[in-house]
Amino acid sequence: MSPEKSTARRILLCADDYALHPLVDDAVQQLTHAGRLSATSCMTTSPRWKEAAAGIKPLRPLLSVGLHFNLTEGHGDQHPALALGEVIRKTYIRQIPQARMREAWRKQLDAFEQVMGTPPDFVDGHQHVHQLPGLRDAMQAELQSRYAAHEMPWVRSTAPASGLWRSPKAAIIALLGGWTTTRHLQHANVPVNHGFGGVYGFDAPDAASYGAQMASWLPHMRDGGLLMCHPASGVVEGDAIGQQRPVEFEYLMSDAFGKLLTDSGCRIHQGPIKPLLKISA
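Residues numbered from 1 in each chain as written. Predicted model: local features only at pLDDT ≥ 70, side-chain atom pairs only at ≥ 80, totals over all residues. Heavy atoms only, no water.

A.B. asks: Explain the packing of aromatic side chains to me, using residue names and the numbers behind them.
C.D. replies: Working definition: an aromatic ring pair is given by the centre-to-centre distance plus the angle between the planes. Applying the stated rule across the entire model yields nine aromatic pairs. Ring centres of Phe122 and Trp154 lie 4.7 Å apart, and the angle between their planes is 25°; this geometry places the pair in the stacked category. Taken together, the residues Phe122 in strand β4 (residues 122-125) and Trp154 in strand β5 (residues 154-155) connect sequence positions 32 residues apart. With respect to burial, Phe122 and Trp154 carry one shared label: buried. Summarising the aromatic geometry, the rings of Tyr251 and Phe257 are spaced 5.4 Å apart at their centres and angled 50° between planes, so their arrangement reads as tilted. Members of the aromatic cluster, joined through ring pairs, are Tyr200, Phe202, Tyr210, Trp217, Tyr251 and Phe257. (Phe/Tyr/Trp six-rings, centres within 6.5 Å; stacked < 30°, edge-to-face > 60°. Helix = DSSP H or I, 4+ residues; strand = E, 2+ residues; numbered from the N terminus. Buried < 20%, exposed > 50% of the residue type's maximum accessible area, 1.4 Å probe, protein only.)

A.B. asks: Kindly report on the nonpolar core, identifying the contributing residues and their values.
C.D. replies: With 41 residues, the main nonpolar core has Trp49, Tyr210, Met214 and Leu252 as its most contacted residues. Apart from the residues lying within four places of it in its own chain, the contact partners of Tyr210 are Tyr200, Ala204, Trp217, Met228, Cys229, Val247, Glu248, Tyr251 and Leu252. Judged by nonpolar contacts, the second largest core, of 22 residues, contains Leu132, Ala138, Val155 and Leu185. (Core = buried A, V, L, I, M, F, W, Y, C linked by side-chain atoms within 4.5 Å. Contact = heavy atoms within 4.5 Å.)

A.B. asks: An account of the pattern of salt bridges is requested, with residue identities and associated values reported.
C.D. replies: Per the stated rule, a full pass over the model turns up 18 salt bridges. When the shortest N-O distance is used, the salt bridge between Glu142 and Arg106 registers 3.6 Å. Here Glu142, found in helix α6 (residues 135-146), pairs with Arg106, found in helix α5 (residues 98-116); they are 36 residues apart in sequence, far enough to count as distant. Among the ionic pairs, Asp263 bridges to Lys259, the shortest N-O distance being 2.7 Å. One end of the pair is Asp263 and the other is Lys259, both in helix α10 (residues 255-263) and four residues apart, which spans about a single turn. By relative accessible area, Lys259 is classed as exposed at 55%. Look at the salt bridges and you will find they share partners, linking Arg102, Arg106, Asp110, Glu113, Glu142 and Arg146 into a network. (Salt bridge = Lys/Arg side-chain N within 4 Å of Asp/Glu carboxyl O.)

A.B. asks: Got a sec to walk through unusual backbone geometry? Specific residues and values, please.
C.D. replies: Residue Pro61 is reached from Arg60 by a cis peptide bond, and omega for that bond is 0°. Summarising the element assignment, Pro61 is placed in the loop between α3 (49-56) and β3 (64-69). Here the phi dihedral of Arg94 falls at roughly 60°; this positive angle occurs in a residue that is not glycine. As for its position among the elements, Arg94 is in the loop between α4 (84-92) and α5. You will see that Phe202, though not glycine, has its phi angle at about 50°, which is positive. Take Phe202: it is sitting in the loop between β6 (196-197) and α8 (207-217). Of the residues examined, Phe202 reaches a relative accessible area of 24% and is grouped as partly exposed.

A.B. asks: Pulling in residues and values, what's your account of the packing of α3 against α5?
C.D. replies: Packing of α3 against α5 brings their axes to within 10 Å, and their N-to-C directions diverge by 50°. Considered as vectors, α3 and α5 are oriented oblique to each other. You can see that α3 and α5 cross each other, and the crossing is right-handed. Across the interface between the two elements, Trp49, Lys50, Ala53 and Ile56 of α3 pack against Ala111, Phe112, Val115 and Met116 of α5. Of the residues assigned to the contact of α3 with α5, the class counts are seven nonpolar, no polar and one charged. (Axes fitted to C-alpha atoms, helices over the stretch in contact; angles between N-to-C directions. Parallel < 35°, antiparallel > 145°, perpendicular 65-115°, else oblique. Left-handed = near helix turned anticlockwise from the far one by under 90°. Nonpolar A, V, L, I, M, F, W, Y, C, P; charged D, E, K, R; others polar.)

A.B. asks: If you had to explain the side chain of Asn193 to someone new, which residues and values would you point to?
C.D. replies: By secondary structure assignment, the location of Asn193 is in the loop between α7 (168-187) and β6. A distance of 2.8 Å separates a polar atom in the side chain of Asn193 from the backbone nitrogen of Ser157. In this structure the side chain of Asn193 is engaged in a polar contact, spanning 3.0 Å, whose partner is the backbone oxygen of Gly195. (Polar contact = N/O pair within 3.5 Å; in protein donor to acceptor, adjacent residues only side chain to side chain.)

Pasting the structure below:
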């Protein structure tokens, strides 16, 4: 390992929504081969999950593969969508029975294990629902009942990296459960990433604009910090952020991103992640 690599901060870059669409899957695979991605989180509720998983299996353990717990993205009659606002409201007033929440976690974890043959490397939530009251308790209970300490997945913390809490959207996500969930998981000795970034309005009109966002995040990321992204190798029709996805992909594959990483003293970590998350907080 070169001196530059040994001193660079190791950034975890995770592409969400794997199995949502073939263009998302293609982007994840290309970025992994280019050394520009650490992890991807998978929608096991997707009707094409088994098909999509075949393309991701050969990339482990270079790429960490996790469960993208989903309640709010519809996949036809088999998995109808719930409105995010309604999920937030019902979890905060405790209107969703705990048994129902445990069942949702159990089904999606079962679907991951049945196809991948292992527990997920990590767990997060589509639109961060994993951190909502009740859902986070059901997640922790299900994980602890299923997995021994040595196979326990790490869990995404949305507690913003130092300085990034000033973003109103990042602060709202953290207030809706990011900080509380992080404390609960740390108390239970469940590994979490060291700071979170990548939150913006999905409103970057071109690759350079998205690059400016990235340049604002990287200085705040510590070793073991996590950035989320949502790339696709083309426009995903019918998706709320379908136009933004290829903008992210173009930048993440670019020489400009490579230069920014070097100039910022960072590198994208590929390989097992849990040992990195055991560093002292």
